[in-house]
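The lines below spell out each chain.
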Amino acid sequence: MCKTHENETLSDDCIFCKIIKGDIPSDKVYEDRYCIAFRDINPQMPVHIVVTPKIHIESVLGFKEDQAEILGRLQLAIAEIARRLGLDGSGFRVVNNCGKDAKQSVPHIHYHILAGGEMGERIV
Ligand code: 5GP
Ligand code: ZN
């Protein structure tokens, strides 16, 4: 970790930090001071959005007390993205994979918004 972006710390060897910095292109659907959201490169539903904070935190386990606002901002961003993409009527699923068993593959906390068709009644 060594570079700052809008007062938050980003990692030099993290794919999502590179997307946040604009070093790797992405199909961005939303951005504010705290978060960015883009279409997943390997979509698992017709609509598959990744929402992630503009700070390199590996998972929900890494949040500090004084970063609680970011968690609220992520939820607000998810709702705003849902409205912008017209998912608020039909619905959507929000998934966060944390750690090994959940098969988290990018160690920069993010939420998946999945939509565009009916999903199973079971989450997994
Ligand atoms: P995880 O498995 O960590 O919960 O989710 C990581 C997600 O990031 C995966 O769904 C994967 O397809 C997506 N992803 C990985 N690298 C990139 C990338 O460079 N661009 C985009 N748009 N998505 C990526
Ligand atoms: Zn990162």
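Above this text sits the structure in question.
Read on for a plain summary of the structure. (Residues numbered from 1 in each chain as written. Chains lettered and ligands numbered in written order. Predicted model: local features only at pLDDT ≥ 70, side-chain atom pairs only at ≥ 80, totals over all residues. Heavy atoms only, no water.)

A look at the sheet that holds strand β6 (residues 93-95)
Phase 1 of the analysis: Spatial strand order, β3-β4-β5-β7-β6: five strands in an open sheet with antiparallel pairing. With one partner strand each, in any of the chains shown, β3 (28-31) and β6 form the two edges of the open sheet. Going across the sheet, the axis of each strand differs from the next one's by a mean of 20°, ignoring polarity.
Phase 2 of the analysis: Where β6 and strand β7 (residues 111-115) come together, three bridges link them in antiparallel fashion. Opposite arginine 93, over in β7, you have leucine 114 as the bridge partner. (Pairing = 2+ DSSP bridges. Helix = DSSP H or I, 4+ residues; strand = E, 2+ residues; numbered from the N terminus. Axes fitted to C-alpha atoms, helices over the stretch in contact; angles between N-to-C directions.)

A look at the site of ligand 1
Phase 1 of the analysis: Neighbouring residues of ligand 1: 15 residues in total, closest Arg39, Asp40, Asn97, Ser105 and His112.
Phase 2 of the analysis: Between ligand 1 and the protein, one listed contact pairs a nitrogen atom with a backbone N or O atom of arginine 39 at 2.9 Å.
Phase 3 of the analysis: Expressed as a share of its isolated accessible area of 520 Å², the protein-covered part of ligand 1 is 86%.
Phase 4 of the analysis: Of all elements in the fold, only α1 (15-21) and β4 (35-39) reach the threshold of two or more residues within the shell around ligand 1.
Phase 5 of the analysis: Sorting elements by how many residues they give to the shell around ligand 1 places α1 first, with three residues.
Phase 6 of the analysis: Its residues assigned to classes, the shell around ligand 1 shows six nonpolar, six polar and three charged. (Near = heavy atom within 4 Å. Polar contact = N/O pair within 3.5 Å; in protein donor to acceptor, adjacent residues only side chain to side chain. Areas by Shrake-Rupley, 256 points an atom, 1.4 Å probe, with all protein chains shown as cover. Nonpolar A, V, L, I, M, F, W, Y, C, P; charged D, E, K, R; others polar.)

Quick word on the side chain of histidine 108
Phase 1 of the analysis: By the secondary structure assignment, histidine 108 is in the loop between β6 and β7.
Phase 2 of the analysis: Polar side-chain contacts of histidine 108 include one of 3.3 Å to the side chain of threonine 52.
Phase 3 of the analysis: A distance of 3.1 Å separates a polar atom in the side chain of histidine 108 from the backbone oxygen of isoleucine 55.
Phase 4 of the analysis: Those residues in contact with histidine 108 that lie beyond four places of it in its chain are Cys14, Phe16, Cys17, Ile20, Thr52, Pro53, Ile55, His56, Ile57 and Glu58. (Contact = heavy atoms within 4.5 Å.)

Details of unusual backbone geometry
Negative phi values dominate among residues other than glycine, just as trans dominates among peptide bonds.
Phase 1 of the analysis: Here lysine 103, not a glycine, exhibits a phi torsion of approximately 65°, which is positive.
Phase 2 of the analysis: Mapped onto the elements, lysine 103 comes out in the loop between β6 and β7.

Regarding the packing of aromatic side chains
Aromatic ring pairs: the centre-centre distance and the angle between the two ring planes describe each pair.
Phase 1 of the analysis: Per the counting criterion, the structure on display carries one aromatic pair.
Phase 2 of the analysis: Centre to centre, the rings of phenylalanine 16 and phenylalanine 38 are 5.4 Å apart; their planes meet at 75°, and the pair counts as edge-to-face. A residue pair is termed long-range when its members are at least 10 positions apart, and phenylalanine 16 in helix α1 and phenylalanine 38 in strand β4 qualify at 22 residues. (Phe/Tyr/Trp six-rings, centres within 6.5 Å; stacked < 30°, edge-to-face > 60°.)

Observations concerning the coordination of the zinc ion (ligand 2)
Phase 1 of the analysis: The coordination sphere of the zinc ion (ligand 2), as far as protein atoms go, consists of Cys14 (SG), Cys17 (SG), His56 (ND1) and His108 (ND1), spread over 2.0 to 2.3 Å.
Phase 2 of the analysis: Angles of 106 to 116° at the metal separate the four donor atoms of the zinc ion (ligand 2), which places the site in the tetrahedral class.
Phase 3 of the analysis: Counting the intervening residues between successive donors of the zinc ion (ligand 2) yields the motif C-x2-C-x38-H-x51-H. Separated by 91 residues along the polypeptide, cysteine 17 in helix α1 and histidine 108 in the loop between β6 and β7 bring together distant segments of the chain. When sorted by exposure, cysteine 17 lands in the same class as histidine 108, which is buried. (Donors = N, O, S within 2.8 Å, 3.2 Å for Na, K, Ca; no water. Tetrahedral: all angles 85-135°; square planar, octahedral: opposite > 155°, others 65-115°. Buried < 20%, exposed > 50% of the residue type's maximum accessible area, 1.4 Å probe, protein only.)

Note that every value here comes from positions in space, so none of it alone points to a role or purpose.
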